[in-house]
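# Close look at the chain arrangement
If you want the building blocks of each chain, they are given just below.
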Amino acid sequence: MENIALIESFSDFKDNKSIDRVTLMSILEEVFRSALKRKYGSDDNFDIIINPDKGDLEIWRNRVVVADGMSEDDNEEIELSEARRIEPDFEIGEDVSEEVKLIDLGRRAILALRQNLISKIHEHDSTNVFKQFKDLEGEIYSAEVHHIRHNAVILLDDEGNEIVLPKTEQIRSDFFRKGDSVRGVIKKVELRGNKPSIVLSRTAPGFLVKLFEQEIPEVFDGLITIEGVARIPGDKAKIAVDSYDDRIDPVGACVGVKGSRIHGIVRELGNENIDVINYTKNEQLYIARALSPAKVTSVTINKFDEEKDGKKGRVNVLLKPEEVSKAIGRSGVNIRLASQLTGYDIDVQREGIEEEDVELTEFSDEIEAWVIEEFRKIGLDTAKSVLDKDVSELVKRTDLEEETIVDVQRILREEFED
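Residues numbered from 1 in each chain as written. Predicted model: local features only at pLDDT ≥ 70, side-chain atom pairs only at ≥ 80, totals over all residues. Heavy atoms only, no water.

## Re the sheet that holds strand β10 (residues 224–232)
Note the following rule: Being paired, for any two strands, means DSSP has found at least two bridges between them. Strands are runs of DSSP state E lasting at least two residues, helices are runs of H or I lasting at least four, and both sets are numbered from the N terminus onward. Angular values range over 0 to 180 degrees, each being the angle between N-to-C directions of two axes fitted as lines to C-alpha atoms, with helices fitted over their stretch in contact. Throughout, a contact is declared for two residues whenever any of their heavy atoms are within 4.5 Å.
Taken together, three strands build an open sheet; the order of strands is β10-β11-β12 and the sheet is mixed. Either end of the sheet is taken by a strand with one partner, and the two such strands are β10 and β12 (273–278). Each adjacent strand pair in this sheet contributes to an overall mean axis angle of 20°, direction not counted. Two strands pair when backbone bridges link them, and strand β11 (residues 236–243) and β12 are joined in this way by six bridges, in the parallel orientation. Counted as the bridge partner of K238 is D275 from β12. Strands in contact with helix α6 (residues 205–215) are β10, β11 and β12; relative to β10, the strand with the most contacts, it is inclined by about 140°. Contacting β11 and β12, helix α10 (residues 283–290) runs over the sheet at an angle of about 155° to β12.

Written out as structure tokens, the structure is:
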């Protein structure tokens, strides 16, 4: 079989559109040289001529003519009688170039060559895909649902690249069908073997940032900057924005008239409630704003000597009794996000509370959150407020069992005894 005929028969790469012709020919030369080394021990004395326009390839072996019986290396030397069968006027010491047909390598070598060629092209494609998506880490990306597994959704983009959206990176309310278009940020790109692994995320704080950049022109243009983001995906988020132009109201520009600008972002995130607040370098004011919609009376900051668990310090926040529940939020979501956004552990204190009293939230390690919430629903936020009530009254006013209430009061009582 002629060299060019064999090349044209490699349909696996002939019509491959993801690799240019010159690169393809470079890979071809590498693969053929490997085959020559296996066959002859060395490829140093071989010339491989490739025409990238025609896809043509020629292999020539160069040997030196020696006297009959004097050849020590059949690959680099050719005896005179054999050389004269090629050209009758060859003399000792001259160079002989002889074309090598691929069929001379043997059928097994040709099959190995073909497999090696396909492997090299796949490796090249994988490297290019890895580099392409590595540059896109942190950027927003769209792909289509290909199939759904119990722990992940497999997506394909327009180029046929496989992207994984793990369950852990999905918003709780996400529900996808085959063919749906899905947006997220490229969270992580790794090479596993020769195959790139591309992970998409819809829960990363960066996804919210990129959606703001896409949907709000002032953010995209840099007139409004995003200074901080905290998210509980699918539930609630807080985002701090600022502007160096005093004529721009950053919060108003992000929210829009009647929420028109932020509505698309909220919908994309499964109706995630988004609080947009004005950023300030005044930490006390920033913490107070982060606790919105609660109105804070005062903020006292106690900074750590060095950061602990990513926190800069602990903050005592004083609020009026009616503002406490707003500051904490349902299941403690609001105060948790404010803590993430500001980088401080936040302790809420109700105005008028006795110094020796303790907030119920301080017992979250011993009392389940839903039990604390039941007490808070009837206005009991502190340990003493629960201890001052009869068990029978608490049974009537809450959905708690008597046994649970007795156990809670025991825990609270032990705190004061200690």
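## Here we look at the layout of surface pockets
Rules: Space inside and on the surface of the protein is sampled on a 1 Å grid over the protein atoms alone, with a cavity defined as a set of points where a 1.4 Å probe fits but cannot get out and a pocket as an open set with protein on both sides within 12 Å along at least 5 of 7 lines; lining residues have an atom within 4 Å of a point. Grid points are joined across faces, edges and corners, and a volume is the space filled by probe spheres set on the points. Only Asp, Glu, Lys and Arg are considered charged in this grouping, and only Ala, Val, Leu, Ile, Met, Phe, Trp, Tyr, Cys and Pro are considered nonpolar; every other residue, Gly among them, is considered polar.
In this structure, the largest pocket encloses a volume near 600 Å³. Taken together, 23 residues form the lining of the largest pocket, with I328, G332, I335, T361 and S364 sitting closest to its centre. Mapped onto the lining of the largest pocket, the elements with two or more residues apiece are β14 (311–319), α12 (333–342), β15 (344–350) and α13 (369–377). Top contributing element to the lining of the largest pocket by residue count: α13, with five residues. The residue inventory of the lining of the largest pocket, partitioned by class, reads eight nonpolar, six polar and nine charged. Approximately 410 Å³ is the volume attributed to the second largest pocket. If you trace the second largest pocket, you find 14 residues lining it, with D125, S126, V129, G160 and N161 closest to the centre. Elements supplying a minimum of two residues to the lining of the second largest pocket: α5 (107–134) and β9 (195–201). With six residues, α5 is the single largest residue contributor to the lining of the second largest pocket. In terms of residue class, the lining of the second largest pocket is made up of three nonpolar, seven polar and four charged.

## Remarks on a negative patch on the surface
So the rule is basically this: Each patch groups residues whose relative accessible area exceeds 30% and which form no salt bridge, using 9 Å between like charges and 5 Å between nonpolar side chains of Val, Leu, Ile, Met, Phe, Trp and Tyr. Surface accessibility follows the Shrake-Rupley procedure with a 1.4 Å probe radius. Residue values consider only the protein chains on display as shielding. One side-chain nitrogen of Lys or Arg within 4 Å of one carboxyl oxygen of Asp or Glu is enough to make a salt bridge. When charges are counted, Lys and Arg are positive and Asp and Glu negative, with His and the chain ends excluded. Charged groups are reduced to one reference atom each: NZ for lysine, CZ for arginine, CG for aspartic acid, CD for glutamic acid.
Residues D44, E72, D73, D74 and E76 make up a contiguous surface patch of negative charge. Relative to the helices and strands, D74 is located in the loop between β2 (56–66) and β3 (77–79).

## Digging into the packing of aromatic side chains
As a reminder of what qualifies: Aromatic pairs are defined between Phe, Tyr and Trp rings, using the six-membered ring for Trp, whenever the two ring centres lie within 6.5 Å; interplanar angles under 30 degrees are classed as stacked, those over 60 as edge-to-face, and all others as tilted. Exposure categories follow from relative accessible area, calculated using a 1.4 Å probe and restricted to protein chains: below 20% of the type maximum is buried, above 50% is exposed, and the middle band is partly exposed.
This structure, assessed with the given rule, holds three aromatic pairs. Aromatic pair Y40 and F46: ring centres 5.1 Å apart, planes at 35°, arrangement tilted. The buried category is assigned to F46, whose relative accessible area is 1%. Note on Y279 and Y286: the rings are 5.0 Å apart at their centroids and 75° apart in plane angle, and the pair reads as edge-to-face.

## Structural notes on the side chain of N334
Stated precisely, the cut-off is as follows: Contacts described as polar in this section are N or O atom pairs within 3.5 Å, which, within protein, must combine one atom able to donate a hydrogen with one able to accept it, while residues neighboring in sequence count only if both atoms come from side chains.
Its place among the elements puts N334 in helix α12. The class for N334 is buried, based on a relative accessible area of 3%. Among the polar contacts listed, one links the side chain of N334 to the side chain of K238, at a separation of 3.0 Å. Setting aside residues up to four positions removed in sequence, N334 forms contacts with K236, K238, D275, L291, S292, P293, K326, A327, I328 and G329.

## Here's the deal with the sheet that holds strand β13 (residues 296–308)
Pairing is mixed in the open sheet, where three strands are placed in the order β13-β14-β15. Each end of this open sheet is capped by a strand with a single partner; those strands are β13 and β15. On average, each strand axis in the sheet is tilted by 15° relative to the strand beside it, whichever way the strands run. Two strands pair when backbone bridges link them, and β13 and β14 are joined in this way by eight bridges, in the antiparallel orientation. Residue K303 lies in a different strand from β14, and its bridge partner there is G313.

## Description of the packing of α10 against α12
To keep it simple, the criterion reads: Two helices cross in a left-handed way if the nearer one is turned anticlockwise from the farther one by less than a right angle. They cross in a right-handed way if the turn is clockwise.
At a closest axis distance of 9 Å, the pairing of α10 and α12 adopts a crossing angle of 150°. Of the two possible hands of crossing, α10 and α12 adopt the one that is right-handed. Only A338, L341 and T342 of α12 make contact with α10, whose side of the interface consists of Y286, I287 and A290. Here the contact of α10 with α12 is built from residues that sort into five nonpolar, one polar and no charged.

## As for the pattern of salt bridges
Using the criterion set out here, one finds 27 salt bridges in the structure. Notably, a salt bridge pairs K210 with E213, separated by 3.2 Å at the nearest N-O pair. A residue pair is termed a helical-turn pair when its members lie 3 or 4 positions apart in one helix, as K210 and E213 do in helix α6 at three residues. For K210, a relative accessible area of 17% gives the class buried. Exposure remark for E213: the relative accessible area of 28% places this residue in the partly exposed category.

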